[in-house]
Amino acid sequence: MKKLVTLVLSGAMAFSLAGCGSSKKTSNANATKTNSDTSTLFINLASEPDKLDPALNTTVDGAALAVNSFVGLLTYGKDGKLKPALAKAMPTVSEDGKTYTVELKESKWSDGTELTAKDFVYSWNRAVNPKTASDYSYLFDVVARAANSTDANPVLDVTAEGDYKLVIKLNAPTPYFDQLLAFPVFMPVPQTAVEKANPNGDKPGAWAQEAGFVSNGAYKLTKWKHNESMTYEKNDNYYDAKNVSIKKLNFMLSADDTATYAAYKSGDLDFIDSVPNDELKNVLKSKELKTVDQLGTYYIGFNVNSDLFSGMTPEQATSFRKGVSDLIDRKYIVDTVGQTGQVPAGAFVPKGMHDGNGKVYKSNYFDATKTGSSNIEQAKKDFKAAGLEVKNGKDKSSFKVTKNGQAITIPYMINTNTGHQKVAECIQQDLAVAGIKVNIDTEEWNVFIQDRKDGKFTVAREGWVADYDDPINMLEIFSTKSGNNDVQLGKGNSTAAPNWKHYDELINKIYSSTDNAERAKLLHEAEKELMATYAAVPIYFYNDIYMQNLTLLEFTQQYSVTSTSCMLRKQNKF
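Residues numbered from 1 in each chain as written. Predicted model: local features only at pLDDT ≥ 70, side-chain atom pairs only at ≥ 80, totals over all residues. Heavy atoms only, no water.

1. Considerations on the side chain of Ser-215
Filter applied, for reference: Helix and strand definitions here come from DSSP, where helices need a minimum of 4 consecutive H or I residues and strands a minimum of 2 consecutive E residues; each element is numbered from the N-terminal end. The buried label goes to any residue with under 20% of its type's maximum accessible area, the exposed label to any with over 50%, and the partly exposed label to all in between, with areas taken from a 1.4 Å probe on protein chains only. The definition of a polar contact used here is a pair of N or O atoms within 3.5 Å, where within protein one atom must be able to donate a hydrogen and the other to accept one, and adjacent residues in sequence count solely through side-chain atom pairs. Pairs of residues are marked as contacts when any of their non-hydrogen atoms sit within 4.5 Å.
Its location among the elements puts Ser-215 in the loop between α4 (191-197) and β10 (219-225). Classification of Ser-215 as buried rests on a relative accessible area of 0%. A polar contact is formed between the side chain of Ser-215 and the backbone oxygen of Ser-69, at a distance of 3.3 Å. Dropping the residues within four chain positions of it, Ser-215 is found in contact with Ser-69, Phe-70, Trp-109, Ser-110, Lys-220 and Asn-235.

Shown next, in the form of structure tokens:
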């Protein structure tokens, strides 16, 4: 949602932060002073959040805040495994795997009103309603529709039997459904507060745009100085409030990793999830630097409807994008920019994912460790196949590509971050070999997110880390109706864009498949079709780094400071 794993210091899970990192040798990169207030944590995750409504949020900085304010049926424990939250026990599943029954604990909203199974029925149906415009509504496609459901007013086959029993009907057995029950879009929202703030339904997130909104998580947002700071305080009505040790969370809102690192060094922050790229080499041996394994992919997204491809056939546009991919030196990016063990990516689905059939999913489409310079001859062939003019340079290390006799310029959009800037500069240098100019356009975080969503870009840096451990989560984001389909596959009327009907059909087949072996084959087929477009060009598989004050580490080893666990994946940040 979105560097990718973020440890969010939530009171819900009794999970010491010490469990998520790897120890390093001490260096002078540590904080020079420490926070003596053991009842408050000072944290930076990102800049001003776009949305805090769990049905509307699409970034993991937002999700990290959401899991402090809200909690669903399940959550993650200190061992990284799912466990009951508002559910009394793990769901009971029917023999055919299509009916889930959940008994709920008695709990309350932060305003003291009762939270019941009906709140889940309302919240989930709200999330799939087109008026809500939830980018994550497709996650509910595995849930069956009720008899009275229509396209304009979809109704899920989810019913409340009394106040504390929820019955969920699925279209087909779904191996990852338990994981969805812990994901933010499946968390409840308070109907009365939502509808009071926006009776007409034209601004669905209005109810959660200022401090004081009703929630049900470990903390409630009490102060919000927009673009500056947020203060979360312990929610005494939280179902597990007795195990929330930290009383207050103070978030610094900034995307300037130089400023946040300085604040960390001075002791004004206990935790940061970003380090300026130029400082990485200095902090690699610090005990305060933690590296976390992840399931995610950093990639380049091409808007398939861009004017960059005007006059091209879909096949020619694909060849152009492949030529660009050929020239990118992934190993150099990993070694000189990433620096923390990222793996060059030759596929979109990251290594280590499970396929839902009891096996590890494996795929590879090209040698990602092969340097860009060694792919020059192949790049020339691809650019020629795209209908472009290719002229050799004075030596084999360069050539020039033109379109109708004109030099090619590619605008490359990033958000403010020193790591993204460095990656962009590497790509800029790689494409200069072909005489292609790359202009790096930097946008503020929320503008960047919206422009990608709206297709207002030509090429953009992208990242996706899995919301749950199944390849479908990496692939469903590119379905036509997905709100996370930034590259616009299946959208728009460009004659250069690939026909996306078959891909959508594949995703639907995966959703409805009852044969796990066949489902695994369909997953590979869908990834192959995605990779063949070169609209999403993988660069490397993620890991994540964060810095945590040593005093905080010692404190969390003694007390039950909790987090969303290493399973919370952060997308769209680095």
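2. Some remarks on unusual backbone geometry
In the Ramachandran plot, Asn-404 falls in the positive-phi region, its phi being about 55 degrees despite a non-glycine side chain. With respect to the element layout, Asn-404 can be found in the loop between β17 (399-403) and β18 (406-407). On the accessibility criterion, Asn-404 (65% relative accessible area) is exposed.

3. A short note on the nonpolar core
Filter applied, for reference: By nonpolar core is meant a set of buried Ala, Val, Leu, Ile, Met, Phe, Trp, Tyr and Cys residues that side-chain atoms within 4.5 Å join together.
Within the largest apolar cluster, 145 residues are counted, with the highest numbers of intra-cluster contacts made by Trp-124, Leu-166, Phe-320 and Phe-383. Considering every element that reaches this core, the biggest residue donor is helix α2 (residues 117-128), with seven residues. Each residue touching Trp-124, except ones within four places of it in the same chain, is listed here: Leu-73, Phe-140, Leu-156, Val-158, Leu-166, Ile-168, Leu-181 and Phe-186. Counting eleven residues, the second-largest nonpolar core is a separate cluster that includes Ala-263, Tyr-264, Leu-280 and Met-547.

4. Some details on the sheet that holds strand β8 (residues 158-160)
Pairing between the strands of a sheet comes from backbone hydrogen bonds, and it takes one of two forms, parallel or antiparallel. This is how it is decided: Pairs of strands are assigned from DSSP output, requiring at least two bridges between the strands.
The strand order β4-β5-β9-β8 describes an open sheet built from four strands, whose pairing is antiparallel. With partners counted over all chains shown, the strands left at the sheet margins are β4 (92-93) and β8, one partner each. Note that strand β5 (residues 99-103) and strand β9 (residues 165-169) share five bridges and pair antiparallel. Following the sheet pairing, Thr-99 is matched in β9 by Lys-169.

5. Thoughts on the side chain of Ser-69
Note on placement: Ser-69 falls in helix α1 (residues 60-69). Owing to a relative accessible area of 1%, Ser-69 belongs among the buried residues under this scheme.

6. Looking at helix α11 (residues 445-453)
Those residues of α11 that fall on the buried side of the exposure criterion are Trp-445, Asn-446, Phe-448, Ile-449, Asp-451 and Arg-452. Buried positions along α11 lie against α1, β19 (409-415), β20 (437-443) and β21 (459-465). Trailing α11 by a residue or two, Gly-455 shows a phi angle of about 75 degrees, which is positive.

7. With respect to the environment of Leu-86
Tracing the sequence through the fold places Leu-86 in the loop between β3 (82-84) and β4. Given the relative accessible area of 1%, Leu-86 is considered buried. The spacing of Leu-86 and Asp-240 is 154 residues in sequence and 9.4 Å in space, taken between C-alpha atoms. Dropping the residues within four chain positions of it, Leu-86 is found in contact with Val-71, Gly-72, Leu-73, Glu-103, Leu-104, Lys-105, Ser-107, Leu-115, Phe-120, Asn-216 and Tyr-239.

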